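# Examination of the molecular architecture
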Amino acid sequence: MHTFLSTDRYIYAMDKNNEPALMVKAGTQVVIDTFDCFQNQIQTEDTTFQTVDWNQINPATGPIYIEEAMPGDILKVHIDSIELGDKGVMTVGPDLGVMGHRMNQFTAKIIPILDGKAIFNEKLSLPLNPMIGVIGVAPAGEGVNNGTPGAHGGNMDTTLITTGATLYFPVFHEGALFALGDCHAAMGDGEIGVSGIEIPAKVSVTLDVVKGHSLRYPLLENEDGVASLVSKESLDDAANQAVEEMIDLLQPETDLSLEEFTMLMSAVGQSQISQIVDPLKTARFFVPKYVLEAYHIDLFK
Ligand code: CA
Ligand code: ZN
């Protein structure tokens, strides 16, 4: 059984005060239409900075109220599929991203999607990595605009948030108030220019609730392993906290001392960058699946 949610209902901030767009029971698959991060305002390359309404940025479709979700639970989100629109857009400009100080003008580029490739120009067709930039739940305190990531998820711009991945979010409020948007046809780790190939999409997710376990930050699991996703003002802090979150999650499931488990993580764990251009930076710490298999670790079972 699945339910459909159109772009008629969207939010610019994850906030406990948002009215639910949809109420579902745990276990429901929801098909969610999303705008691109510019709310589909940029359709041609002659678009200027002035013609874009910058208040209409990073809409996320939702929020979805999951009936069983209570504060202290975990919301489990499996990404079943991401169906992309037929063209994406990228922008750069002054003060945007790592190269913003060297940009003199706002520039938009339309990138057609054809035969499973992003057509960058006549020489280069790029492989797709359909992914979700903004995904999360209502945060603990005040609302957080969808441009900013945090413990609630939000604008994590993480390449691993793609089909087949399962995300786990801390639940801070009844119903969790889940929303997503800002899909990319492709993006590199770092998202250095401040945009991926921004594109409208149709995303299918299955929403579940885990009782009896809690999380402080989002966690991602895929067929290769598990990653903690932490956003902080500095990339250093984000990377360090991601390591500690992972060690706190896994070490108690093993018979290894903290000393020995730290050696194991130093041998096989990967500190990786998600994005370095949003108001908070996002880093992740990735542990390969064979470590979990060796200790028969089934997350949150
Ligand atoms: Ca984004
Ligand atoms: Zn984006």
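Let me begin by describing the structure that accompanies this report.

## Describing the coordination of the zinc ion (ligand 2)
Ligation of the zinc ion (ligand 2) by protein atoms is provided by Asp182 (OD), His184 (NE2), Glu198 (OE) and Glu198 (OE), these donors lying 1.8 to 2.6 Å from the ion. Taken together, the four donor atoms coordinating the zinc ion (ligand 2) span angles of 55 to 144 degrees at the metal, a pattern that classifies the geometry as irregular. Separating the zinc ion (ligand 2) from the calcium ion (ligand 1) is a distance of 3.3 Å, and Asp182 supplies a donor atom to each of them. Summarising the burial analysis for this pair, Asp182 and His184 share the class buried.

## A word on the environment of Lys281
Position of Lys281 relative to the elements: it lies in strand β22 (residues 281–288). Between the alpha carbons of Lys281 and Lys202 there is a distance of 27 Å; along the sequence they are 79 residues apart. Discounting chain neighbours no more than four positions away, the residues touching Lys281 are Val230, Ser231, Lys232, Glu233, Ser234, Leu235, Ala238, Gln275 and Ile276. Of note is the side chain of Lys281, whose polar atom sits 2.9 Å from the backbone oxygen of Asp278.

## Quick look at the pattern of salt bridges
Counting across every chain of the model gives seven salt bridges. For Asp189, the salt bridge is made with Arg284, and the minimal N-O distance between the two is 3.3 Å. Here Arg284 lies in strand β22 and Asp189 lies in the loop between β17 (178–184) and β18 (201–210), a separation of 95 residues in the sequence. By relative accessible area, Asp189 is classed as partly exposed at 45%. Residue Glu245 pairs with Arg216 through a salt bridge whose shortest N-O separation is 3.1 Å. A residue pair is termed long-range when its members are at least 10 positions apart, and Glu245 in helix α1 (residues 235–250) and Arg216 in the loop between β18 and β19 (219–222) qualify at 29 residues. Under the relative-accessibility criterion, Glu245 is labelled buried at 11%. The class for Arg216 is partly exposed, based on a relative accessible area of 47%.

## Considerations on the coordination of the calcium ion (ligand 1)
Those protein atoms acting as donors to the calcium ion (ligand 1) are Asn155 (OD1), Asp157 (OD), Asp157 (OD) and Asp182 (OD), and they sit at 2.2 to 2.5 Å. Motif for the calcium ion (ligand 1), donor spacing along one chain: N-x1-D-x24-D. The exposure class of Asp157 is buried, given its relative accessible area of 1%.

## Some thoughts on the sheet that holds strand β21 (residues 270–275)
Spatial ordering of the open sheet is given by β1-β5-β18-β7-β16-β19-β20-β22-β21, a layout of nine strands whose pairing is mixed. The open sheet has two edge strands with one neighbour each: β1 (2–5) and β21. Across the sheet, the axes of successive neighbouring strands diverge by a mean angle of 25 degrees, strand direction being ignored. By the bridge criterion, seven bridges tie strand β5 (residues 28–34) to β18 in an arrangement that is antiparallel. Looking at the pairing, Gln29 lines up with Thr206 of β18. Along the sheet, α1 makes contact with β19, β20 (225–232), β21 and β22, crossing β20 at roughly 140 degrees.

## Regarding the sheet that holds strand β8 (residues 87–92)
Spatially, β8-β9-β10-β11 is the arrangement adopted by the four strands of the open sheet, whose pairing is antiparallel. In the strand order of this sheet, the two ends are held by β8 and β11 (125–127), each with one partner. Mean inter-strand twist for the sheet, computed between neighbouring axes without regard to direction, equals 35 degrees. Of the strand pairs in this sheet, strand β10 (residues 117–119) and β11 are connected by three bridges, and their pairing is antiparallel.

Conventions adopted
- Residues numbered from 1 in each chain as written.
- Chains lettered and ligands numbered in written order.
- Predicted model: local features only at pLDDT ≥ 70, side-chain atom pairs only at ≥ 80, totals over all residues.
- Heavy atoms only, no water.
- Donors = N, O, S within 2.8 Å, 3.2 Å for Na, K, Ca; no water.
- Tetrahedral: all angles 85-135°; square planar, octahedral: opposite > 155°, others 65-115°.
- Buried < 20%, exposed > 50% of the residue type's maximum accessible area, 1.4 Å probe, protein only.
- Helix = DSSP H or I, 4+ residues; strand = E, 2+ residues; numbered from the N terminus.
- Contact = heavy atoms within 4.5 Å.
- Polar contact = N/O pair within 3.5 Å; in protein donor to acceptor, adjacent residues only side chain to side chain.
- Salt bridge = Lys/Arg side-chain N within 4 Å of Asp/Glu carboxyl O.
- Pairing = 2+ DSSP bridges.
- Axes fitted to C-alpha atoms, helices over the stretch in contact; angles between N-to-C directions.

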